[in-house]
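# Structural features, examined
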Amino acid sequence: MADLTPLSAAKQRSLLDTGEVTSVELTQAHLDRITAVDDRVGAFLKVTGERALAQAAAIDKRRAAGESLGPLAGLPVAVKDVLCDEGEIVTCASRMLEHFRAPYDATVIAKLKAADAVLIGRTNMDEFAMGGSTENSAFQPTHNPWDLARSPGGSSGGSAAAVAACEAPLAIGTDTGGSIRQPAALCGVVGMKPTYGRVSRYGLVAFASSLDQVGPFARTVEDVALLYDAIAGHCDRDSTSANLEAKPTAPVVNEPLKGLRVGVVPEHYAEGLDPEVKAAIDAGVERYRDLGAEIVEVHLPHAAHGIATYYVIAPSEASSNLARYDGVHYGHRTDETAMHAELAAERKAAAETGDKAAIKKIDTALVRLYRKSRTEGFGPEVQRRIMLGVYALSEGYADAYYVKALQVRRLIRQDYDQAFEKVDVILGPTTPAPAFKLGELTDDPLSMYLLDLYTVSANLAGLPAISVPCGMSKSGLPIGLQLMAPPLEEERLLRAARMHEDAFGTAPLATL
Amino acid sequence: MSDYQTIVGLEVHVQLATKSKLFCGCPNRFGADPNTQVCPVCLGLPGSLPVINAEAVRLAVMTGVALDCTIPAYTKWDRKQYFYPDLPKGYQTSQFDLPITEHGALAIACDEQEPRTIRITRAHLEEDAGKSLHDESGAGGDTVIDLNRAGTPLLEIVSEPDLRSAAEAKAYLTELKLILGPEYLGVSDCNMQEGSLRVDANVNLHIDDPKKLGKSIATPIVEIKNLNSFRAVERAIEYEAQRQWRDWQETGRRIGEAPKQTRGWDDNAGKTIPQREKEESADYRYFPCPDLAPVLNPGLEVERVRLAMPELPAALRLRLVTDHGLSAYDADVLVNQGREVVDYFLTVAAESGDAKLAANWVTQHVLRVMNADGKSLEEVGLPPERLAGMIAKLTAGDLPSPRSREVFELMIADDLDTDAAMAKLGIAAVDESELVAICRELLLANPRVVADVEAGKQQAVGALIGQAKKRNPNADPGRVREICLELIAKGV
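All figures in this text were calculated on a predicted structure; none of them were measured in a lab. (Residues numbered from 1 in each chain as written. Chains lettered and ligands numbered in written order. Predicted model: local features only at pLDDT ≥ 70, side-chain atom pairs only at ≥ 80, totals over all residues.)

### A few points about the UniProt feature "active site" (unreviewed entry) in chain A
Residue and element names in this part refer to chain A. UniProt tags Lys80, Ser155 and Ser179 as "active site" (unreviewed entry). The annotated residues occupy 100 residues of the chain but converge on a single region, no pair of C-alpha atoms lying more than 11.0 Å apart. Positionally, Ser155 belongs in the loop between strand 3 (118-123) and helix 5 (157-164). Setting aside residues no more than four positions away along its own chain, Ser155 makes contact with Met125, Asp126, Ala129, Met130, Gly131, Gly132, Thr134 and Ser179. Tracing the backbone shows Ser179 in the loop between strand 4 (170-174) and helix 6 (181-187). For Ser179, a count of 37 C-beta atoms within 10 Å gives the class buried. (UniProt positions renumbered as here; feature names shortened; annotations may be inferred. Helix = DSSP H or I, 4+ residues; strand = E, 2+ residues; numbered from the N terminus. Contact = placed C-beta atoms within 7 Å. Buried ≥ 20, exposed ≤ 12 C-beta atoms within 10 Å, placed from the backbone.)

### A look at the domain arrangement of chain B
Here chain B is partitioned into domain 1 (4-301), domain 2 (339-424) and domain 3 (432-489). Using only C-alpha atoms to locate each centre, domain 1 of chain B and domain 3 of chain B end up separated by 69 Å. (Domains from an automatic or database assignment.)

### A look at helix 1 (residues 9-18) of chain A
Residues and elements named next belong to chain A. Where helix 1 is concerned, the buried positions are Ala9, Gln12, Arg13 and Leu16. Projected down its long axis, helix 1 shows its buried positions confined to an angular sector of 100 degrees, all on one face. More than 90 degrees from the buried face of helix 1, the exposed residues found are Ser14 and Thr18. Tucked inside the fold, the buried residues of helix 1 contact helix 2 (23-41), strand 4, strand 6 (214-218) and helix 7 (221-231). (Arc of directions from axis to C-beta.)

### Some thoughts on the sheet that holds strand 11 (residues 478-484) of chain A
All names here are of chain A. A sheet is described by the order of its strands in space; here 11 strands give the open sequence 1-3-2-4-6-5-10-11-9-7-8, paired in mixed fashion. Every interior strand has two partners, whereas the edge strands, strand 1 (44-47) and strand 8 (294-297), have only one. Mean inter-strand twist for the sheet, computed between neighbouring axes without regard to direction, equals 30 degrees. Here strand 4 pairs with strand 6 via five bridges, running antiparallel. Residue Ala171 lies in a different strand from strand 6, and its bridge partner there is Phe217. In the packing of helix 8 (residues 275-290) onto the sheet, the strands contacted are strand 7 (261-264), strand 8, strand 9 (425-429), strand 10 (465-472) and strand 11, and the crossing angle to strand 10 comes to about 105 degrees. (Pairing = 2+ DSSP bridges. Axes fitted to C-alpha atoms, helices over the stretch in contact; angles between N-to-C directions.)

### A closer look at the nonpolar core
Soluble globular proteins tend to pack their nonpolar side chains together in the buried interior. Core analysis: the biggest nonpolar cluster contains 226 residues, and Val77, Val425 and Leu483 of chain A together with Ala169, Tyr172 and Ala201 of chain B have the highest contact counts within it. Excluding residues within four positions of it along the chain, Leu483 of chain A makes contact with Val425, Leu427, Ala465, Ile466, Leu493, Ala496 and Ala497 of chain A. (Core = buried A, V, L, I, M, F, W, Y, C linked by C-beta atoms within 7 Å.)

### Comments concerning the pairing of strand 9 (residues 153-159) of chain B
Residues and elements named next belong to chain B. Of all seven residues in strand 9, five are buried, a share of seventy percent or more. With five bridges connecting them, strand 1 (residues 4-15) and strand 9 associate as antiparallel partners. Within strand 9, the residue paired with Val12 across the bridge is Ile157. Direction of pairing for strand 6 (residues 116-127) relative to strand 9: antiparallel, over a ladder of seven bridges. Note that in strand 9 the partner of Leu125 across the bridge is Leu155.

### Topic: the interface of chain A and chain B
In this complex, chain A contributes 34 residues to the contact, which on the side of chain B involves 23 residues. Within the residue set of the side of chain A that touches chain B, elements represented by two or more residues are helix 9 (306-321) and helix 13 (380-393) of chain A. Ranked by residues supplied to the side of chain A that touches chain B, first place goes to helix 9 of chain A with three residues. Its residues assigned to classes, the side of chain A that touches chain B shows 17 nonpolar, nine polar and eight charged. (Nonpolar A, V, L, I, M, F, W, Y, C, P; charged D, E, K, R; others polar.)

Structure (structure tokens):
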């Protein structure tokens, strides 16, 4: 049989439906592909092969018995290692949760299981989703399938790379400031961040609660729609979940939008935009013009403050959300024997000097337990963001940082509300440049943060946004085009993205 | 010792009597085995999210209405952040700047003084922490954590520093407990032993300026914790006032010259003991909880709670005094027993037609039986209609008053109505003519008594009363006396 793994999920499903392949065969083909390439790509933290084959066999059996099956029946799906899956380890790519076994299913995982997806493995990410390169994983880097010396982007780099490398047709990621769209752009696949509140966050290990959103990766817009439909919808366990029915988008995704008004934003052409990216975006604009869309210039005057705003709000929430990892209840705890010995030595040394102030300054055992467990359990980027957040929320600083950031966030949302009075979607680059080299930015957190320039605003404003391939650099790296739509307009977003895909085509497959 | 005024503000935590916890479906129940009433949400496991318990919001609004608070249309949740092993998320979900209720008042009456209004600053909702169980054997064993209590709903009711004595603090707590407890609103069990009502007291002194320049001097505020009974609250405040007075005389330290101190009450030693002072004031880094939507309490819904609000103790006391002519004391006794006893009284009063007598019987006899035997009103087994029937017979003169207590006891003991009890005791109303005949007979047989009375010694009639009762045990002594005097006056 021809190689199944490069096929789209829709095509794979039709082969399953017609009985040309079984889910076990399809799952095995992907497991074989993972075996063949993942030692070079490093997309997966854990491949759940046995469970996947058992799920596939059960689905094949039900299919043979003529039972009705879910919309993802038999299709392999890779999941970012940040969603709770009952009985499985959920590491968040952190030493802190290296051995943490989730006792319950995230709503998204429950929905995937209900849709009869085959959960093939857990993908790599930046620790607790903090980062844009997947280099902040405590366990391994992930390599960009287009150039193994380069980063796949992040924080959902494992999911993007798995799809780009045909290790899975579909993958789940999360996007707090661009963590789906940026790696999708850098890996030449499609990735969508739905409207905040559209997909349940229950069971998603929180980074920044007001910004986090779960979303789909695939190699085609249609496949993204298929996966999105399976996970979207109201959830009683998530108070921030939109209490609205999420209508299926897959049945209509191939219908072009008539009279589409596409907004282009001069502020997007900021300093630092790679000329090749600019050219590819310009070409994307022309494609829409050729399709009969109206191109309208709109302004987002507060867009320039997006990064600053984001890097106050996200760390503030993170500093609170990550307080629970204290070594007391679960997760990493420092070696207590060594800790007590260390404290005893410090007390002895201080006693010998007779310095009472120094003795008083020594941590209590509890404080030292917290300090050491957290210092050992969290990597440097996570620690950096916790410290940023604690500072931004501190008494005397909160008004200048956190409260001010909330105000700017409202202004950014207003910019979009006004822009969407004139246009249906807003088009721009997903990232300022194509994939960078692994290690290139690890010592320069500020440059790394600036890669989120075009993506954070959608999170701050709660909008749905998608990245689709729109060109290749001369050095053979994919370039992504971002579309944004008003809240809850995923259907419009997907149909507009599909129009571009129809004109441009999907990105070619990376050769590995 | 009129040199200073004691200033007290109370922070009262009441655990709301909801079925489930504040943010998850776990049972809100006391006394289960450790860590059995827990789920991913109250354990603070990665990925879990809170969902607000609407019943807790309703009970908080009820409390706010009962305490005359304003109920803002918009209230939100904030995270109060600190590390402690029994706080699984590293923060407590609470309310910082926009509490669910604020600016209330509670009237208290203390030592028969005019009622005073104590202002209530705010009452806000928050989740409780778990419990740390320390090894108290001294062997240095591990501290263990029970998270059953984590996430149970608390309402923190903060008073202004309007209380002026330990007795007032006790009166405030007693009234608060009466309103919120099972007797009236039932928003909480208000059980101090089980921790469903917890009190912290902030105490300082306002000392008259020795130079008489008019302004008093405030001593540093001390927060007293570990108060396990109302009695402990009273004793601790009294102790603390004296301690601060001595401290002032020794050090002259004023408010602001020493950090706010936390002291624990040692009930056995009868004194407050300093708890570890925080070197710097804690920064809780409050910020709005991004996992919870703000709560909207539209005026209409608040109005609905207001309309459904049962009559509260203060209004009930007033009604008993003004509408039923009860003494303030009797009204207080009845109302403090709870709504059930008040309703019982109202039925007895209505059916018997004599509210004062009804109040006497309920407060003196029914409550005596309840208290002596630790019985509920229902367990006493005297339906209000029966008591009313007895009182009606009493006022009509059909039941001789000296025998009423016997009838009352028998009605309870044998589950009888008044007629049956009287029949069993052989009590029958004595016919007036029979009584006159008996009196006449006795006077004729006792000319000495007649002579004494005629000589002005009316009390001589007393010698005949016992004899009259021998002839007919139902003879009313008062009536016998009256008839005898009348007969003598008429010349027998």
